[in-house]
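Observations on the model geometry
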Amino acid sequence: MLSVFDLLALNDFVADLPAGWLQRLAVAGRPVFHGVGHRLCREDAHADRFWLISSGAVAIDFYVPGRGDITVDRARPGAPVGWSWMRPPFRWQFGAVVADDVHAVEFDAARVRALIAEDADLGRELTGRMLDVVSHRLQAARHRLIELYAYPEAPAC
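To keep things clear, this report deals only with the structure shown in the data block. (Residues numbered from 1 in each chain as written. Predicted model: local features only at pLDDT ≥ 70, side-chain atom pairs only at ≥ 80, totals over all residues. Heavy atoms only, no water.)

Per the counting criterion, the structure on display carries 14 salt bridges. E106 is the salt-bridge partner of R30, the closest N and O atoms lying 2.8 Å from each other. With R30 in strand 1 (residues 29-34) and E106 in strand 6 (residues 95-108), this pair connects stretches of sequence that are 76 residues apart. What makes R30 partly exposed here is its relative accessible area of 45%. (Salt bridge = Lys/Arg side-chain N within 4 Å of Asp/Glu carboxyl O. Helix = DSSP H or I, 4+ residues; strand = E, 2+ residues; numbered from the N terminus. Buried < 20%, exposed > 50% of the residue type's maximum accessible area, 1.4 Å probe, protein only.)

Here you go:
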């Protein structure tokens, strides 16, 4: 069984961070397993945690009236799930449901925010990495919406 530190050292999202930062982050995380169909979060609910995927996949989705939950992206090993924990009002902007059994590190958002407040360099680095994720997810949502409007009779996925 790998420690949280080991799991982080193997995760593409944070593996290149200094060992001291990984040790501090490891204290705020715990290993978790979730099976297919488990909902990690729902759009507009309170965002108090986030995940770094070690194995499996998570469907990132949002609710479209009349269409239901629409998958806009798929987070795979090495990817984070969730950024809404970083800024008030701490409400999920997207939902996430396990698409393939997931092993991940789940982080307590308040503890990570405290680490970021203590270390500006760590905060800048994590914020920059999360901004890259935000940009990717918003672009994926944009493309998915174009598909839905270009082909309104297509299945919702």
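This part is about the packing of aromatic side chains. To describe a pair of aromatic rings, you give the distance between the ring centres and the angle between the ring planes. Tallied over the entire structure, the rule returns five aromatic pairs. A ring pair is formed by F50 and W85, whose centres lie 4.3 Å apart and whose planes are at 10 degrees; its orientation type is stacked. Taken together, the residues span a long stretch of sequence, with F50 in strand 3 (residues 49-64) and W85 in the loop between strand 5 (80-81) and strand 6 at a distance of 35 residues. Each member of the pair, F50 together with W85, is buried. Centroid distance W51 to W92: 6.0 Å. Interplanar angle 25 degrees. Geometry classified as stacked. Pair noted here: W51 is in strand 3 and W92 is in the loop between strand 5 and strand 6, with a separation of 41 residues, a long-range link. In this structure an aromatic cluster arises from ring pairing among F50, W85 and F107. The ring centre of F90 lies 4.0 Å from the NZ or CZ of R113, which sits over that ring. (Phe/Tyr/Trp six-rings, centres within 6.5 Å; stacked < 30°, edge-to-face > 60°. Lys NZ or Arg CZ within 6 Å of the ring centre and 35° of its normal.)

Let us look at the side chain of D73. Relative to the helices and strands, D73 resides in strand 4 (residues 68-75). D73 sits in the buried class, given a relative accessible area of 14%. At 3.2 Å, the side chain of D73 and the side chain of R137 are in polar contact. If near-sequence neighbours (up to four positions away) are discounted, D73 is found in contact with V58, A59, I60, H136, R137 and A140. (Polar contact = N/O pair within 3.5 Å; in protein donor to acceptor, adjacent residues only side chain to side chain. Contact = heavy atoms within 4.5 Å.)

A separate point is the nonpolar core. Counting 50 residues, the largest nonpolar core has L8, V58, V81, W85, F107 and V112 as its most contacted members. Put simply, the parts of the chain that give this core at least two residues each are helix 1 (4-9), helix 2 (19-27), strand 2 (39-41), strand 3, strand 4, strand 6, helix 3 (109-118) and helix 4 (120-150). In terms of residues, this core owes the most to one element, strand 3, which gives eight residues. Every residue in contact with V81, bar those within four places of it in the chain, is listed here: L40, F50, W51, I53, V58, I60, A75, A96 and R137. (Core = buried A, V, L, I, M, F, W, Y, C linked by side-chain atoms within 4.5 Å.)

Let's shift gears to the environment of D6. With respect to the helices and strands, the residue D6 is situated in helix 1. With a relative accessible area of 31%, D6 lands in the partly exposed category. Distance in space between the C-alpha atoms of D6 and Q23 is 9.5 Å, their sequence separation being 17 residues.

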